[in-house]
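Survey of secondary and tertiary structure
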Amino acid sequence: MLLLLLAAAAPNHAVPAAMSSSSAAAPPAVRSGVWDGSEVDDDDIEILRQTRRLPGRDLVRVRLAPEGEISPAPEEGERVIFRSHLMRGLGLPASGFFCSFLEFHGLQPHHLTPNTVVLLAAFATLCEGFLGVLPTIELWGEFFSSKLGTHVAGVPAQCGAFIAMQRSTADNPFPSIPLIKSVKMWQRSYFYVKNVAPDGDWVNLPPYEAGAPAGRLPSWSHRVKTLTPAGAAAVARLRVLT
């Protein structure tokens, strides 16, 4: 399953603060939205396995980013994934909806902010668990909009360029979800996965393509003028529930 659970926004492992010293230089500041290596270790992977956020070793092989690597360089057959995303509701294998969401919006997993993953997980959970329908792009556009994340003015962020937001209209029935204002340096949580299952694809993520989106694409504003009968029925049911 893809969106494994509706997980509360959980912080990444904290990085111990450097002890002050008159002779120690402060570490260089890293701008948000750019690659800065990975901090994921074997203990992190073991926790993800134990909590079933990652399939077993006989189905999905994991490789950590080597020391000194700044940006992802996957080997043949590998896909890039983030501990931060897995801790917020993403699971493997990725579902058809998640893959179609990426394709429709022209995105890679590294373009999604952690809070966007929380909203995707909440949306899928509400559709399947409460409305009894499959999540669709049509319903997503009814409840959510998006904006472009940048790391300097006018320049799309390499990591986290797609920022999903709940539509602020008064008639939006989607329940409000408290989110962490900013998840610092989440891009340092990447590692590699590769499907090794004898049958089926237990990863189901697109091949990694480096770089940021060209900008805010027209598809990011998608919202149908008239809902399909099935979509309208789902929204009506949600209004009753909320």
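Everything numeric here is computed off the predicted structure, so don't read it as measured data.

A few words now on the overall build of the protein chain. For the protein chain, the count of helices and strands is 6 helices and 7 strands. Counting all 242 residues of the protein chain, 46% fall into the buried class. Looking at the protein chain alone, contacts between residues at least 24 apart form 79% of all its contacts between residues at least 6 apart. Total accessible area on the protein chain is roughly 12500 Å²; 56% of this is exposed by carbon and sulfur atoms.

Before going further, it helps to spend a moment on the nonpolar core. Ranked by size, the top nonpolar core spans 43 residues in total, and within it Phe101, Leu112, Phe123 and Phe191 carry the most contacts. Those elements giving two or more residues to this core turn out to be helix H1 (42-50), helix H3 (96-105), helix H4 (114-131), helix H5 (137-143), strand S6 (162-166), strand S7 (190-195) and helix H6 (229-241). Per-element tally for this core: the top contributor is H4, with 8 residues. Counting residues in hydrophobic clusters, the runner-up holds 10 residues, among them Ala65, Cys159, Tyr192 and Tyr208.

Next up on the list: the confidence of the model for the protein chain. Per-residue pLDDT for the protein chain averages 88, and the proportion of residues at 70 or more is 87%. Counting contacts from residues 1-29, a segment whose pLDDT is below 50, to residues more than four positions away or on other chains yields 52 contacts.

Our next topic: H6. Spanning 13 residues, H6 covers 18 Å between terminal C-alpha atoms, matching the ideal 18 Å at 1.5 Å per step. All of the buried residues in H6 are Gly231, Ala234, Val235 and Leu238. Taken down its axis, H6 places every buried residue within 95 degrees of arc, on the same side. Exposed side of H6, more than 90 degrees from the buried face: Pro229 and Val240 are the residues found there.

Here we come to the sheet that holds strand S2 (residues 79-82). Hydrogen bonds between backbone groups are what pair the strands of a sheet, and the pairing can be parallel or antiparallel. Across the sheet, which stays open at both edges, the 3 strands sit in the order S1-S7-S2 with antiparallel pairing between neighbours. Each having just a single partner strand, strand S1 (60-63) and S2 make up the two edges of the open sheet. Geometrically, the sheet is characterised by an average inter-axis angle of 40 degrees between neighbouring strands, direction not taken into account. Relative to S7, S2 runs antiparallel, the two sharing 4 bridges. Residue pairing for S7: Val80 is matched across the bridge by Tyr192. Contacts from H1 reach S1 and S7 within the one sheet, and its direction differs from that of S1 by about 160 degrees.

Turning our attention to the packing of aromatic side chains. According to the stated counting rule, one finds 16 aromatic pairs in the structure shown. An angle of 55 degrees between the planes, with centres 6.0 Å apart, marks the rings of Phe97 and Phe101 as tilted. Taken together, the residues span about one helical turn, with Phe97 and Phe101 both in helix H3 at a distance of 4 residues. When sorted by exposure, Phe97 lands in the same class as Phe101, which is buried. On the basis of an interplanar angle of 65 degrees and a centroid distance of 6.4 Å, the ring pair of Phe123 and Phe143 is categorised as edge-to-face. Here Phe143 lies in helix H5 and Phe123 lies in helix H4, a separation of 20 residues in the sequence. Phe143 carries the same exposure label as Phe123, and that label is buried. Grouped by ring-pair contacts, the aromatic residues Phe97, Phe101, Phe123, Trp140, Phe143, Phe144, Phe162, Phe174 and Trp220 constitute a single cluster.

The rules behind the values
Residues numbered from 1 in each chain as written. Predicted model: local features only at pLDDT ≥ 70, side-chain atom pairs only at ≥ 80, totals over all residues. Heavy atoms only, no water. Helix = DSSP H or I, 4+ residues; strand = E, 2+ residues; numbered from the N terminus. Buried < 20%, exposed > 50% of the residue type's maximum accessible area, 1.4 Å probe, protein only. Contact = heavy atoms within 4.5 Å. Areas by Shrake-Rupley, 256 points an atom, 1.4 Å probe, with all protein chains shown as cover. Core = buried A, V, L, I, M, F, W, Y, C linked by side-chain atoms within 4.5 Å. pLDDT = per-residue confidence, 0-100. Expected span 1.5 Å × (residues − 1). Arc of directions from axis to C-beta. Pairing = 2+ DSSP bridges. Axes fitted to C-alpha atoms, helices over the stretch in contact; angles between N-to-C directions. Phe/Tyr/Trp six-rings, centres within 6.5 Å; stacked < 30°, edge-to-face > 60°.

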